[in-house]
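Examination of the molecular architecture
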Amino acid sequence: PRLHHRAALVVDVAPLKGGEEELRALLAEAPEDPLLESWLGYYLAVWGRPEQGDGARALLESAAAASPESPQIQSNLGWGAHQLGRPETALAALERALEIDPGRFQDRARLGLLLAQAGDSDGAEEALRTALRGHPGAAWADRARRTLESLEGQGEGESEAGIGK
């Protein structure tokens, strides 16, 4: 629908002046829409102020409970939870998004990044390789390649590269 498309556009160009307000206005038009709730929670988790973390988490969790079979909502919960410092929730939600839709290569790359942070080098390498095979020219591909190279180098005594936002 039109509201979903507009919300996705706001997130795609984020952070955007007035982005939070735009998403709140869209959710006000359809307050029972879990995808809109999820997009607002994601926006707040990734680009919001620290004091908005609890609200972001509540929106993401509410949306996921209302629509557990939506890979996009699970994805939003996963990366949002990562940004909020909730690694167990992040991993579980990204794994769930991929169970629902295995072709979500950005989610697979994100899962690889989180597995690398958690010390699961084998799982991280597998996820990152699969993501890169599926979408080698994606915007996230360079970061995935750097992480993969770092993981491969660990076997040769190199240290892991930092993984930020």
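What you see is a predicted model, and the numbers here were worked out from it, not measured in a lab.

About the thresholds
- Residues numbered from 1 in each chain as written.
- Predicted model: local features only at pLDDT ≥ 70, side-chain atom pairs only at ≥ 80, totals over all residues.
- Heavy atoms only, no water.
- Salt bridge = Lys/Arg side-chain N within 4 Å of Asp/Glu carboxyl O.
- Helix = DSSP H or I, 4+ residues; strand = E, 2+ residues; numbered from the N terminus.
- Buried < 20%, exposed > 50% of the residue type's maximum accessible area, 1.4 Å probe, protein only.
- Core = buried A, V, L, I, M, F, W, Y, C linked by side-chain atoms within 4.5 Å.
- Contact = heavy atoms within 4.5 Å.
- Axes fitted to C-alpha atoms, helices over the stretch in contact; angles between N-to-C directions.
- Parallel < 35°, antiparallel > 145°, perpendicular 65-115°, else oblique.
- Left-handed = near helix turned anticlockwise from the far one by under 90°.
- Nonpolar A, V, L, I, M, F, W, Y, C, P; charged D, E, K, R; others polar.
- pLDDT = per-residue confidence, 0-100.
- Phe/Tyr/Trp six-rings, centres within 6.5 Å; stacked < 30°, edge-to-face > 60°.

We now examine the pattern of salt bridges. All chains considered together, the criterion is met by 12 salt bridges. The salt bridge partner of Arg-24 is Glu-20, with a shortest N-O separation of 3.0 Å. With Arg-24 and Glu-20 both in helix H2 (residues 19-29) and four residues apart, the pair spans about one turn of that helix. When its relative accessible area of 40% is taken as the criterion, Arg-24 is described as partly exposed. On the basis of relative accessible area, Glu-20 is assigned to the buried category, the value being 14%.

Glancing now at the nonpolar core. Soluble globular proteins: nonpolar side chains tend toward being buried together. Leu-23, Leu-36, Trp-39, Tyr-42 and Trp-140 are the most contacted members of the largest nonpolar core, which totals 48 residues. For this core, the leading source of residues is helix H3 (residues 34-47), giving nine residues. Residues contacting Tyr-42, with those up to four places away along its chain left out, are Val-11, Trp-47, Leu-60, Asn-76, Trp-79, Gly-80 and Arg-110.

Moving on to the packing of helix H7 (residues 105-117) against helix H8 (residues 121-134). Following both chains from N to C, one finds H7 and H8 inclined at 155°, their axes separated by 8 Å at the closest point. By the criterion of interaxial angle, the relationship of H7 to H8 is roughly antiparallel. When the axes of H7 and H8 are compared, the crossing they make is left-handed. Contact residues: H7 offers Phe-105, Arg-108, Ala-109, Gly-112, Leu-113, Leu-115 and Ala-116, while H8 offers Gly-123, Ala-124, Ala-127, Leu-128, Thr-130, Ala-131 and Gly-134. For the contact of H7 with H8, a count of residues per class yields nine nonpolar, four polar and one charged.

Turning to the confidence of the model for the protein, a few remarks are in order. Taken residue by residue, the protein gives an average pLDDT of 93. The fraction at 70 or more is 93%. Confidence drops under a pLDDT of 50 for residues 157-165, and excluding neighbours within four residues, the segment shows 16 contacts in the predicted structure.

Let us now look at the packing of aromatic side chains. Evaluation of the coordinates by the stated rule reveals three aromatic pairs. Their ring planes at 75° and their centres at 5.9 Å tell us that Tyr-42 and Trp-47 sit as a pair that is edge-to-face. Consider the rings of Tyr-43 and Trp-47, whose centres lie 5.3 Å apart with planes at 50°: the pair is tilted. Here Tyr-43 pairs with Trp-47, and both are found in helix H3, just four residues apart, close to one helical turn. The class of Trp-47 is partly exposed, set by a relative accessible area of 30%. The structure contains a cluster of three or more aromatic residues connected by ring pairs, namely Trp-39, Tyr-42, Tyr-43 and Trp-47.

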